[in-house]
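# Observations on the model geometry
Take a look at the letters that make up each chain.
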Amino acid sequence: MEDRHVVVSPFHVADAPFGGGGGGGGGEDDGEDGGDDTPPETATTATNPQPHRDYCAIFDGHSGADAAEHAAARLHGLLARDPALRLCQGSVAAAMWEAAVGPDDDGDGGDGDDPSASPSPQPGVDSDGLGAAVTAALRACFHAVDAEILARARSSGGREGATALVALRLGRDLFTAHAGDARAVLRRAGGVAHRLTIDHKPGDPGERARVLAAGGRVEHLGCWRVVAIPADPRRLPAGLAISRSLGDLDFKGEGGPGSTGAGVTADPTVGRVRLGPADDVLILASDGLWDVLTDQQACDIAGETIARVVAERRGGGAGDAAGAGTVAVAAVAAAEFELELDGKDEGGDRPRCVLEAAAASAARALVAAALARRSMDNITALCAVMPWAHGGVESI
C-alpha cells in the first residue's frame, strides 16, 4: 500500500516565515509526523477574525512508498509557513473578499455566489489578489517537496515517485492543486458532479506536447507512458503513466549523460472555486477509484450514503457539528477497508459528530464500490462534508 493521506482541520497559518522543518499545520494529521517544529498558530480573536481553513491531501506512491510518505509529512507544514497565506486571514482577507464579491459573503447564496457555476481548474484563477497569492504558495510548496524527494533519491539511489492532490478551503474559497491523476470532484446543486482537476496523463494532447517540447519521449506501451532510458546499460528502460509527479528522478531529466527521461514536472495545476450553499461533498481519490467509477457515480454513492447516515444518526439523537464552520473529513484506503471486513480493524477513531460519521461511511462506500468493480490499483477515497450541509453549521 503506497497511498498516503493527510487531513488538517482546522488548518492554522503559521506566524513564522517559510523555512525548514516539516511540522503539521494544526488540527488532525493522518499522515506522517513531520517533526516537533509545528508552526505556531495564528490566533482568532474578536479584532482578528480568521476564515475557516481546512487542508486535505492524497499522495499515491509508486516504486515504493517513500515519496508519498515524505510529501504527506512535509507539504502542509511548508504551506502553513508560506508568507502568502498570511494574506488569507483577518481584515486583509475580508477586504479581498469584499472587493471581489461585495459585502454579502456569508454563504447565503447572495450576490457573487452562484452554486450552479462550474468550477474552473485553470492555473492562477484570480479576481481579487487572493488567487495569485495562494497559487504561488501551492506551487512553491510542490516544488520544494519535489526537490527534497529528488535530493533523497540522489543520495539513496531510490527511484520513488508520487502523485499529489491537495484541497485547501479558505472560508468560502476552495483551492485544489495537483500533479498526477488523483482527482477531486465536487458534488454541487442537484447532486451534479463537477470535476475540479485535470488528469495529468501523457496521452492528453496538451501534456504530450509539453513532455515532447521538454525533450521527453512518449510511447504507447499498454497505455501512453513517458519513457526514460537510463544511461547505465545495466538498467532497463522505465515507463511512467502520468506526466506530472513528485520525485521520479529518472523522469526529471537527471539520468546522466546519454539518458532520456525529461518532461515530467512537479508543477501543479491550481484551481479555485467559490463554494455555495448547495455544494455539500468534496471527494478526493486516487486513480484506482476513478478507473472503475465515473465522477457522477462517485457523487451518487457519496451523497446517498451521507443522507442515509445523517437520517439514521439524527434519529438516534447524535450530535450534529464537529465545530463551527469545520469541514467533516474522513479518508479510507482499500487496505484499511479490507482489514475492517476481516474484523482486524475497527475503522480508526470514533467519529465526533453526525457529519464525520457520514463522511467516513461515504469513503468506505466508495472504496467498497471500486473493489466490487475489481479495481486493480491502490485505492484511497477521502470525503469532506461541508459544515452547512444536511442542516449543519450554516456559516461559510
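Residue indices begin from 1 for each chain and proceed along its sequence in written order. Only residues with pLDDT of at least 70 are given local features in this predicted model, and only at 80 or more are side-chain atom pairs given and counted; all residues enter the totals for whole chains, interfaces and linings. Side-chain numbers here rest on the full set of heavy atoms in the structure, without hydrogens or water.

A separate point is the overall build of the chain. Strands are runs of DSSP state E lasting at least two residues, helices are runs of H or I lasting at least four, and both sets are numbered from the N terminus onward. Helix and strand counts for the chain come out as eight helices and 14 strands. Contact between two residues is taken to exist if any of their heavy atoms lie within 4.5 Å; hydrogens are not considered. A fraction of 76% describes how many contacts in the chain between residues 6 or more apart in sequence connect residues 24 or more apart. The Shrake-Rupley method, run with a 1.4 Å probe, gives the accessible areas here. Residue values count only the displayed protein chains as cover. For the chain, the exposed area adds up to about 15,500 Å²; of that, 50% sits on carbon and sulfur atoms.

Secondary-structure assignment places Arg81 in helix H1 (residues 66-81). Residue class for Arg81 comes out buried when judged on its relative accessible area of 6%. We define a polar contact as two N or O atoms separated by no more than 3.5 Å, with the added condition that, inside protein, one atom must be a possible hydrogen donor and the other a possible acceptor, whereas residues neighbouring each other in sequence contribute only through side-chain atom pairs. A distance of 3.3 Å separates the side chain of Arg81 from the backbone oxygen of Gly77, its partner in a polar contact. In this scheme, a residue with accessible area under 20% of its type's maximum is buried, one over 50% is exposed, and one in between is partly exposed, where area comes from a 1.4 Å probe on protein chains only.

Here we take up the side chain of Asp181. Secondary-structure assignment places Asp181 in the loop between strand E4 (173-179) and strand E5 (183-187). Under the relative-accessibility criterion, Asp181 is labelled buried at 5%. A polar contact is formed between the side chain of Asp181 and the side chain of Lys201, at a distance of 3.1 Å. With sequence-adjacent residues up to four places away left out, Asp181 is seen in contact with Thr163, Asp199, His200, Lys201, Ile242 and Asp287.

What follows is about the nonpolar core. Nonpolar cores are built from buried Ala, Val, Leu, Ile, Met, Phe, Trp, Tyr and Cys residues. Side-chain atoms within 4.5 Å join them into one set. By size, the foremost hydrophobic cluster in this structure holds 37 residues, and its most contacted members are Tyr55, Phe59, Leu79 and Leu168. Of all the secondary structure elements, the ones that give two or more residues to this core are strand E1 (3-8), strand E2 (53-62), H1, helix H3 (130-156), strand E3 (161-170) and E4. Setting aside residues no more than four positions away along its own chain, Leu79 makes contact with Phe11, Tyr55, Leu85, Ala137, Leu138, Cys141 and Leu168. Ala285, Cys353, Ala358 and Ala389 belong to the second-largest nonpolar core, a separate cluster that totals 36 residues.

Read across the open sheet, the five strands follow the order E6-E5-E12-E14-E13; overall the sheet is antiparallel. Pairing within the sheet leaves two strands with one partner each, and these edge strands are strand E6 (193-195) and strand E13 (328-333). The sheet shows a mean angle of 20 degrees between the axes of neighbouring strands, direction not considered. Should DSSP find at least two bridges between two strands, the strands are regarded as paired. Pairing of E5 with strand E12 (residues 281-285) involves five bridges; the strand directions are antiparallel. Here, axes are lines fitted to C-alpha atoms. For helices the fit covers the stretch in contact, and angles between N-to-C directions go from 0 to 180 degrees.

So, on to the sheet that holds strand E8 (residues 224-228). Pairing in this open sheet of three strands is antiparallel, and the strands run E7-E8-E9 from one edge to the other. Each edge of the open sheet carries a strand with a single partner, namely strand E7 (218-220) and strand E9 (238-240). On average, adjacent strands in this sheet sit at an angle of 45 degrees to one another, irrespective of strand direction. Direction of pairing for E8 relative to E9: antiparallel, over a ladder of three bridges. Counterpart to Val226 in the pairing with E9 is Leu240.

Relative to the helices and strands, Leu138 resides in helix H3. Exposure remark for Leu138: the relative accessible area of 1% places this residue in the buried category. Residues contacting Leu138, with those up to four places away along its chain left out, are Leu79, Val166, Phe175, Ala177, Pro268 and Val270.

Among the structural elements, Ala362 can be located in helix H8 (residues 354-372). The exposure class assigned to Ala362 is buried, which follows from its relative accessible area of 0%. With 30 residues separating them along the chain, Ala362 and Val332 place their C-alpha atoms 9.3 Å apart. Here Ala362 is in contact with Ala302, Thr305, Ile306 and Cys383, once residues within four sequence places are set aside.

This paragraph deals with the pattern of salt bridges. For this analysis, a salt bridge means a side-chain nitrogen from Lys or Arg found within 4 Å of a carboxyl oxygen belonging to Asp or Glu. Under the criterion given, the structure shown has 18 salt bridges. Taking the shortest distance from any N to any O, the salt bridge between Arg74 and Glu148 comes out at 2.5 Å. One end of the pair, Arg74, is in helix H1; the other, Glu148, is in helix H3, with 74 residues separating them in the sequence. Exposure remark for Glu148: the relative accessible area of 21% places this residue in the partly exposed category. As a salt-bridge pair, Asp295 and Arg195 come within 2.8 Å of each other at their nearest N and O atoms. Of this pair, Asp295 sits in helix H6 (residues 295-315) while Arg195 is found in strand E6, placing the two residues 100 residues apart along the sequence. By relative accessible area, which is 11% here, Asp295 ends up buried.

Turning our eyes to something else, we now look at the packing of H1 against H3. At their nearest, the axes of H1 and H3 sit 9 Å apart, and the two run at 140 degrees to each other. Crossing angle aside, the handedness with which H1 passes H3 is right-handed. The residues of H3 that touch H1, namely those facing Ala67, His70, Ala71, Arg74, Leu75, Leu78 and Leu79, are Ala137, Leu138, Cys141, Phe142, Ala144, Val145, Glu148, Ile149 and Arg152. Note on residue categories: nonpolar means Ala, Val, Leu, Ile, Met, Phe, Trp, Tyr, Cys or Pro, charged means Asp, Glu, Lys or Arg, and polar means any other residue, Gly included. Looking at the contact of H1 with H3 residue by residue, the class counts come to twelve nonpolar, one polar and three charged. By definition, turning the near helix anticlockwise from the far helix through less than a right angle yields a left-handed crossing, and turning it clockwise yields a right-handed one.

As a further point, take the packing of aromatic side chains. Stacked, edge-to-face and tilted are the three classes for Phe, Tyr and Trp ring pairs, Trp counted by its six-membered ring, which pair at centre distances within 6.5 Å; planes under 30 degrees apart are stacked, over 60 edge-to-face, the rest tilted. With the rule as written, the count across this model stands at one aromatic pair. With a centroid separation of 5.4 Å and an interplanar angle of 25 degrees, the aromatic rings of Phe11 and Tyr55 are classed as stacked. Linking Phe11 in the loop between E1 and E2 with Tyr55 in strand E2, this pair joins segments that are 44 residues apart in sequence. Residue Phe11 is classed as buried on the basis of its relative accessible area, which comes to 1%. In this arrangement the basic side chain of Arg208 is found over the ring face of Trp224, its NZ or CZ atom lying 4.6 Å from the centre. Sitting over a ring, as applied to charges here, requires NZ of Lys or CZ of Arg to be within 6 Å of the ring centre and within 35 degrees of the ring normal.

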